[in-house]
Amino acid sequence: EKHANNALHAPPMLSANPRRKSNSLSNLNKKTMETLQLELDTFKTGYSEIRKNFEHFVLQNEQLKKNNETTIERLQNETQRLQTTLLKYEQRTEQSAAQINELKQRINNLCAEHKQKLKHTQAECQSKVVDSLQNVENANRKIDALNDEISVLKTFATK
C-alpha cells in the first residue's frame, strides 16, 4: 500500500524512447488505477464498518432511551405510590395525635374528678373522725359519770 501511495505521488518516469515512454505511461496508469481501486475498496470497507458501527450505536442508544423511559416511568409510579402512602401516613398520624390528645384530656378530667372525690372523701372522713372523737369523749364522760355514780352508790350500800 505504501508502494501504491508512492506511485500516486511520484512523478511519472518518462523515457526518451517513445515506445518505452508509452509503456511507462501505460504501466503508470495501470498502477494508478489499481491503487485507486484499492483505495476505493479500502474506503468502502471502512465506510461499511463505520456505518455498521453507527447503526449499532444508534440501536444501542434507542434501547437505552427505551430503558431510560421505562425506568423514568417506573420511578414516577413509585414516587406517586410513596407520596400516596406518605399522605395516608400523615393522615393516620394526625388521627392518632387527635385520639392521643382526647385520651390525655379524658385522663386529666378523670384525675381532676378523682382528686375532687378524694378531697370530698377526706373531708367526710375527717368530719366523721371528729364526730367519732366527740362521741368517744362524750361516752368517756358518761362512763366517768357512771363510774362516779357507781362509786357513790357503793359507798352508800356499804354504809
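Residues numbered from 1 in each chain as written. Predicted model: local features only at pLDDT ≥ 70, side-chain atom pairs only at ≥ 80, totals over all residues. Heavy atoms only, no water.

Turning next to the overall build of the protein chain. Broken down by element type, the protein chain carries two helices and zero strands. Across the 159 residues in the protein chain, those meeting the buried criterion constitute 3%. Put simply, the protein chain shows about 14900 Å² of open surface, and 57% of that area lies on carbon and sulfur atoms. (Helix = DSSP H or I, 4+ residues; strand = E, 2+ residues; numbered from the N terminus. Buried < 20%, exposed > 50% of the residue type's maximum accessible area, 1.4 Å probe, protein only. Areas by Shrake-Rupley, 256 points an atom, 1.4 Å probe, with all protein chains shown as cover.)

In this section: the pattern of salt bridges. As a working rule, side chains carrying opposite charge can pair if their charged atoms are close by. Tallied over the entire structure, the rule returns five salt bridges. A salt bridge links Arg81 to Glu78; the shortest N-O distance between them is 2.5 Å. One end of the pair, Arg81, and the other, Glu78, are both in helix H2 (residues 18-158), three residues apart, so they sit about a helical turn from each other. Judged by relative accessible area, which is 44%, Arg81 ranks as partly exposed. Glu113 is the salt-bridge partner of Lys117, the closest N and O atoms lying 3.4 Å from each other. Of this pair, Lys117 and Glu113 both sit in helix H2, four residues apart, roughly one helical turn. (Salt bridge = Lys/Arg side-chain N within 4 Å of Asp/Glu carboxyl O.)

Now for the packing of aromatic side chains. Under the defined criterion, the tally for this structure stands at one aromatic pair. Ring centres of Phe43 and Tyr47 lie 6.2 Å apart, and the angle between their planes is 20°; on these two criteria the pair is classed as stacked. Taken together, the positions of Phe43 and Tyr47, both in helix H2 and four residues apart, correspond to about one turn of that helix. The class of Phe43 is exposed, set by a relative accessible area of 56%. Take Tyr47: its relative accessible area is 46%, and that puts it in the partly exposed class. (Phe/Tyr/Trp six-rings, centres within 6.5 Å; stacked < 30°, edge-to-face > 60°.)

Mean pLDDT over the protein chain: 85, with 82% of residues reaching 70 or higher. Ignoring residues within four places in sequence, the model shows residues 1-9, a span with pLDDT below 50, making nine contacts including any to other chains. (pLDDT = per-residue confidence, 0-100. Contact = heavy atoms within 4.5 Å.)

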